[in-house]
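An overview of the molecular structure
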Amino acid sequence: MATTRRRQALAMAAALVLVLSACSSGFGDLKLRIAAGNPGGVYDKLAQTLATAWAAGLGIERPAVLQTQGSPDNIDKVLAGAADVAFVAADVAADRYKSDPRLTTLARIHDDYLHVVVRADSDIKTVGQLRGRRIATGAKSSGVEYIARRLLQATDLTGSVTTSSRGLDDSVKALLDGEIDAFFWSGGLPTPTLAAYNGTQSLRLLDIADVMPKMQEINQVYGTASIPASTYNQPGPVTTLLVPNFLIVPKSMSDDVAEALVRGLFDARQQLALANPAALSIDVHPGIETQPIPLHPGALRYYRDKKT
């Protein structure tokens, strides 16, 4: 009888330990808001998938995915406390971090490639020949517009071109209809919309190798990359600008939450890649490359654990 009571007491104690452990390490009350982008865009598709993965992995209510205008808007929301996690282009993040160091990163995720697009039959061969032309610089307040303005600055074209704010689909249509002479786009390879339109070789990309030194003076996060000819059925490969994307969080986020979010990100790589091929590049090793913005201490703890 005494033995039975002792076993029952031990069982109850063990159960209590498990309950207390779950209460102390669980995230059941955590509510997250993810600043993404336009509906159906890369940020939005990845954010929707990540929200589902985080909800399942952390045992929390599915995070809200916020539709936004893009990277600048996303950072504004994080700094204003209106979002907890944001997808942000690295150049936008780096520039903002200089004036407001309340930002930290969870990871470098996928990379985007700058596309400067003209009609295949256009006489425009270089960025310099855009002078006096009509150019779509991306959706208003988007990361595309952010890069476009800096490229126009680097090539002394600011003020000598007529610009308009247009999303990708509108830009392609306007170009083929002759309403504009060129447009900017920043996205993964291939960008499905451009690949679909260029089945008839109606679009051509400009090589910007000559502009890259000045662009890298403007922002150290810009890299140089090549878009293979086969990507968009082009006459040859073109050199262009590469910009990473970061997952940004405020410094005020707890270390435990940050670590759990990073773990959930990498655990969900397969689902993210199915949502958009850009996520195929998400990996632990490049994930730590978020300079000049520091990794959140919780994220750093995850990466250090992965090395041991």
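Our subject is the structure listed above.
Figured I'd write up the structure that's included with this text. None of the values given here were measured: they were computed from a predicted structure.

What the chain contains, in helices and strands, is 12 helices and 10 strands. With respect to the three principal axes, the spread of C-alpha positions in the chain is 95 × 40 × 35 Å. Taken over 308 residues, the chain has a buried fraction of 50%. Here the contacts in the chain between residues at least 6 apart in sequence split such that 75% fall between residues at least 24 apart. Counting every atom, the chain has about 14,400 Å² of accessible surface; 53% of that belongs to carbon and sulfur. The centroid of the 31 positive side-chain charges in the chain is displaced by 5 Å from the centroid of its 30 negative side-chain charges.

Before going further, it helps to examine the environment of glutamine 153. Residue placement: glutamine 153 occurs in helix α5 (residues 143-154). Glutamine 153 sits in the partly exposed class, given a relative accessible area of 48%. Separated by 10 residues in the primary sequence, glutamine 153 and glycine 143 have C-alpha atoms spaced 16 Å apart. Among all residues touching glutamine 153, those that are not within four sequence positions of it are Thr158 and Ile218.

This brings us to the environment of tyrosine 303. Its place among the elements puts tyrosine 303 in helix α12 (residues 297-307). Beyond its immediate chain neighbours, meaning those up to four positions away, tyrosine 303 contacts Leu106, Ala107, Val262, Phe266, Val284, Gly287, Ile288 and Leu295.

It is worth spelling out the environment of threonine 290 at this point. Inspection of the secondary structure puts threonine 290 in the loop between α11 (284-287) and α12. In this structure threonine 290 comes out as buried when scored by relative accessible area, which is 2%. C-alpha of threonine 290 to C-alpha of glycine 167: the two residues are 123 residues apart in sequence and 28 Å apart in space. Setting aside anything within four residues of it in sequence, one finds threonine 290 in contact with Thr105, Ala107, Arg108, Phe246 and Leu295. Within polar-contact distance, the side chain of threonine 290 engages the backbone oxygen of isoleucine 293 at 2.9 Å.

Gly298, Ala299, Tyr302 and Tyr303 are the residues of α12 that are buried. Looking straight down α12, one finds its buried side chains confined to an arc of 140 degrees; they lie on one side. For α12, exposure combined with an orientation more than 90 degrees from the buried face picks out Arg304 and Lys307. Contacts made by the buried residues of α12 are with β4 (103-119), α9 (255-267) and α11.

The rules behind the values
Residues numbered from 1 in each chain as written. Predicted model: local features only at pLDDT ≥ 70, side-chain atom pairs only at ≥ 80, totals over all residues. Heavy atoms only, no water. Helix = DSSP H or I, 4+ residues; strand = E, 2+ residues; numbered from the N terminus. Buried < 20%, exposed > 50% of the residue type's maximum accessible area, 1.4 Å probe, protein only. Contact = heavy atoms within 4.5 Å. Areas by Shrake-Rupley, 256 points an atom, 1.4 Å probe, with all protein chains shown as cover. Lys, Arg positive; Asp, Glu negative; His and termini not counted. Charge placed at Lys NZ, Arg CZ, Asp CG, Glu CD. Polar contact = N/O pair within 3.5 Å; in protein donor to acceptor, adjacent residues only side chain to side chain. Arc of directions from axis to C-beta.

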